[in-house]
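Summary of the model geometry
Here is how the chains run, residue by residue.
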Amino acid sequence: MGSVWIKYPTLIGTNYWLLYCVFFRLFSVVFTGIRDAVDDSVEGGVNKIESVEKTVNCFGIKEVSAVDPSLSQCVKLCDSEPLALHSEGDVVIGGVFPLHYVASNPHFDHRAFRWMMTMVFAVEEINRNSTLLPDVTLGYRIMDSCDHVHTSLRAFLSLEIGTSQSESSSCLSGSPVSYFATCTCLTDKHMYPSFLRTVPSDFFQVRGLVQLVTFLGWLWVGTIGTTDDYSHYGIQAFSNQFRQQGGCVAFHLTIPKSPTVEEIQDMADKLQSSTAHVVVVFATEGQLLDLLLEVSASRNVTGIQWVASEAWVTASLLTSPHFHSLLEGTLGFSFPGVWIPGLKDFLLNVRPSPRPGMEFVNMFWEEQFNCKLDFIVGPTLLLCTGSEDLRYADSSYTDVSQVRISYNVYKAVYAIAHALHNLLNCDSTGLGKKCGKHKSFTSEQVGKKNYGEISNQTGSTECTKCPEYYWSDRERVKCVAGVEEFLSFYETMGIILVALTVLGVVLTAIIIIVFHRFRSTPIVKANNSEISFLLLLSLKLCFLCSLVFIGQPSVWTCRLRQAAFGISFVLCLSCLLVKTIVVLLAFRANLPGSRSLKLFGPSQQRTLILCTTAPQICLCAGWLLGAPPFPFRNPTYQIIVECKEPWPPGFYLVLGYIGLLAFICLLLAFLGRKLPDTFNEARLITFSMLIFWAVWISFIPAYVSSPGKFSVAVEIFAILASSFGLLLCIFLPKCYIILMWPERNVKKGITGKYPR
């Protein structure tokens with residue numbers, strides 16, 4: 001496994017950590033590691049466990065003990081300072097690589113060491129690049145996972161806790177940028193929303209393996225896997241697709257994470273006795289090593305046709321002569337090999353050193369030349385000086401003619417560098433090349449899948465970008481026109497909103513007809529019937545303006561929608577404000593010598609409505625003339641046709657003015673809610689304003705967090721909900737009295753003097 005860790009001591013001012021995870025095999029294994037440790041203790045027996053719980057370890061947490069004695073022979077991560085290859089920088093990238101394989105006889109993997117040094121090479125190459133991250137230096141901190149869940153967890157915790165005890169961050173919630181994690185389980189964007197990888201998913205590999213074995217007529221095969229999700233999902237997908245093509249799975253063997261000798265022998269017995277001579281394996285070379293040694297060295301089994309997953313098909317560890325008779329003729333798919341300029345010279349110039357942090361390089365050197373460095377204390381038969389020439393060494397470390405995983409590591413580091421370039425707003429032009437050193441960001445901003453790219457050449461390592469508003473097809477071999485998405489009149493959501501709009505308009509029209517029919521009655525004449533009709537008209541406009549938000553945005557609908565919404569609601573609230581003031585003044589008019597209601601007659605009421613509506617009209621006019629919204633095709637995830645607002649404060653000023661009038665209405669209506677009136681309109685306005693405020697307070701967070709067409713639907717819902725609230729709270733009780741209780745529709749009934 002591996003991870004990327006980004007530290008900002010100078011870029012952000014305070015010590016802020018941002019964690020990304022670059023996984024070697026499998027991201028989800030980290031989540032199941034602690035659970036699996038307990039599972040191992042159950043299934044392994046007393047010979048496999050020293051103790052389940054030990055004292056508090058060097059990380060300050062309860063430690064699950066190593067379930068395999070060979071772990072102690074691997075790199076210990078629980079020293080006072082865990083072993084790591086590191087270099088300081090403004091941004092520190094962390095990596096975890098399987099330098100050792102935990103088996104009956106642990107091995108130092110030269111190929112994994114090459115992957116690790118490729119990461120170092122990429123970091124140093126980026127630091128020499130004056131345009132990618134100018135005035136920002138990358139550093140690194142790299143650790144050994146031993147290709148084992150427990151040591152991987154320790155390595156992650158060490159990167160998190162051991163590097164800075166005062167910092168707070170979680171590797172498990174970070175953003176992975178993976179160079180060798182092919183598991184299909186990681187495709188779930190709901191569970192891993194910011195997981196990125198530089199390798200294809202196993203979806204493609206499984207389909208290829210099924211086509212391979214069925215094309216060759218191998219319909220009776222066995223499968224071998226491990227307990228991790230990489231193997232589980234791969235074998236499951238292969239078995240399902242294989243059966244659909246008419247094949248049968250003869251047996252399935254699961255290799256435990258730390259198998260005992262008895263378990264290895266039992267698996268070898270089943271493999272040797274099976275009538276299936278074709279075996280499909282999803283595992284790593286380290287996980288397979290003990291089983292293959294038992295089958296080849298101890299039993300000299302031959303005649304098995306192996307079909308390998310990409311994890312071990314090119315592994316040099318299994319190319320030694322004593323595996324030839326067993327593994328010759330193995331088939332499988334591998335990543336395309338490429339040549340990285342400058343990598344070989346860099347690898348050949350690596351030298352051991354007594355400096356702290358160079359322990360991994362020293363281990364490799366002693367392993368490669370079968371000697372003991374003269375600056376390392378210890379008995380040895382052969383000393384090495386550190387000046388030995390790697391050009392004459394026979395090792396997978398120096399074989400860079402066609403690198404595969406190393407290239408994925410290289411691309412992962414560059415992907416992070418390019419993401420930082422964008423996030424820090426780096427200026428690569430002109431004389432003053434610099435980055436925004438004080439800008440912070442979150443893990444959700446690392447990057448995204450590129451749908452805008454295709455490759456129509458088999459084995460190609462480069463992609464061709466699709467034209468704007470075109471996507472790649474499912475196979476990523478050709479560009480197809482993107483499907484435009486907007487809130488349509490013909491989709492279910494659009495139909496429901498249109499139906500609600502029509503319902504609101506019809507109800508308003510019915511109430512207008514009722515009020516016009518009974519316009520001479522006291523309940524309609526009270527409180528200025530002219531204002532009541534104007535209020536109903538404005539409510540009808542509020543309902544109708546929601547239709548402008550539905551359908552494909554155009555130049556005119558984009559300009560009209562927010563202006564129509566803002567002016568309609570302000571006109572509505574202005575009418576309510578006037579009605580509330582009239583109610584309050586009407587009761588003051590009963591006081592001796594009061595002339596307040598006479599001073600606020602119909603002409604003054606119309607003037608107030610005009611004066612409170614005019615600012616919104618001016619604001620909308622200035623907004624539309626200065627920075628009008630326009631239709632925009634947003635291809636971020638899909639081609640969303642939306643109205644782009646070049647001046648976002650315009651919308652919030654319109655909404656803010658509506659909120660100001662609503663607050664004044666609510667305040668005045670609340671003050672008059674207990675006036676002695678059998679039919680107190682102030683109380684009805686209070687209820688309507690409470691509903692209005694509840695709707696629009698809920699609207700803001702929902703609107704901001706809703707993507708694409710859903711933000712439009714949220715705004716329409718808020719318009720309709722608040723309009724229905726005003727219409728029903730204010731006019732429904734009046735209609736009820738007019739139609740169902742006409743004896744109350746007299747002056748005495750309204751003033752409260754009518755007997756109940």
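Just so it is clear, the model here is predicted, and its values are computed rather than measured.

**Here's the deal with the sheet that holds strand β5 (residues 85–87)**
Overall, mixed pairing links the 3 strands, which are arranged β5-β9-β6 in an open sheet. Every interior strand has two partners, whereas the edge strands, β5 and β6 (91–97), have only one. Strand after strand, the sheet turns through a mean of 15 degrees between neighbouring axes, direction not considered. Across 7 bridges, the pairing between β6 and strand β9 (residues 138–144) is parallel. Pairing of V92 across the sheet is with G139, part of β9. This element, helix α2 (residues 110–128), spans β5, β6 and β9 of the sheet and lies at about 170 degrees to β9.

**Overview of the pattern of salt bridges**
On inspection of all chains with the given rule, the structure shows 9 salt bridges. Among the salt bridges present, the one from R299 reaches E294, with a minimum N-O distance of 3.0 Å. In this structure, E530 engages R606 in a salt bridge whose closest nitrogen and oxygen atoms are separated by 2.9 Å. Residue E530 is found in helix α14 (residues 529–545), and its partner R606 is found in helix α17 (residues 602–626); the two are separated by 76 residues along the sequence. Given the relative accessible area of 39%, E530 is considered partly exposed.

**Here's the deal with the state of the cysteines**
Counted under the stated rule, the structure contains 4 disulfides. Across the disulfide from C558 sits C643; the S-S distance is 2.0 Å. Taking the torsion about the S-S bond as the criterion, the C558 to C643 disulfide, at about -85 degrees, is left-handed. Pair noted here: C558 is in helix α15 (residues 555–588) and C643 is in strand β25 (residues 639–644), with a separation of 85 residues, a long-range link. Residue classification places C558 among the buried residues on the basis of a relative accessible area of 1%. Of the cysteine sulfurs around C542, a residue in no disulfide, the closest is that of C572, at 5.0 Å.

**Topic: the UniProt feature "transmembrane region" (unreviewed entry) in the protein**
On the UniProt side, "transmembrane region" (unreviewed entry) is annotated at positions that read residues 493–515, 531–551, 563–587, 608–630, 650–672, 684–704 and 716–739 here. As annotated, residues 493–515 comprises 100% helix and 0% strand, and the C-alpha atoms at either end are separated by 33 Å. Between the first and last C-alpha atoms of residues 608–630 the distance is 33 Å; the span itself is 83% helix and 4% strand.

Rules and cut-offs
Residues numbered from 1 in each chain as written. Predicted model: local features only at pLDDT ≥ 70, side-chain atom pairs only at ≥ 80, totals over all residues. Heavy atoms only, no water. Pairing = 2+ DSSP bridges. Helix = DSSP H or I, 4+ residues; strand = E, 2+ residues; numbered from the N terminus. Axes fitted to C-alpha atoms, helices over the stretch in contact; angles between N-to-C directions. Contact = heavy atoms within 4.5 Å. Salt bridge = Lys/Arg side-chain N within 4 Å of Asp/Glu carboxyl O. Buried < 20%, exposed > 50% of the residue type's maximum accessible area, 1.4 Å probe, protein only. Disulfide = S-S within 2.5 Å. UniProt positions renumbered as here; feature names shortened; annotations may be inferred.

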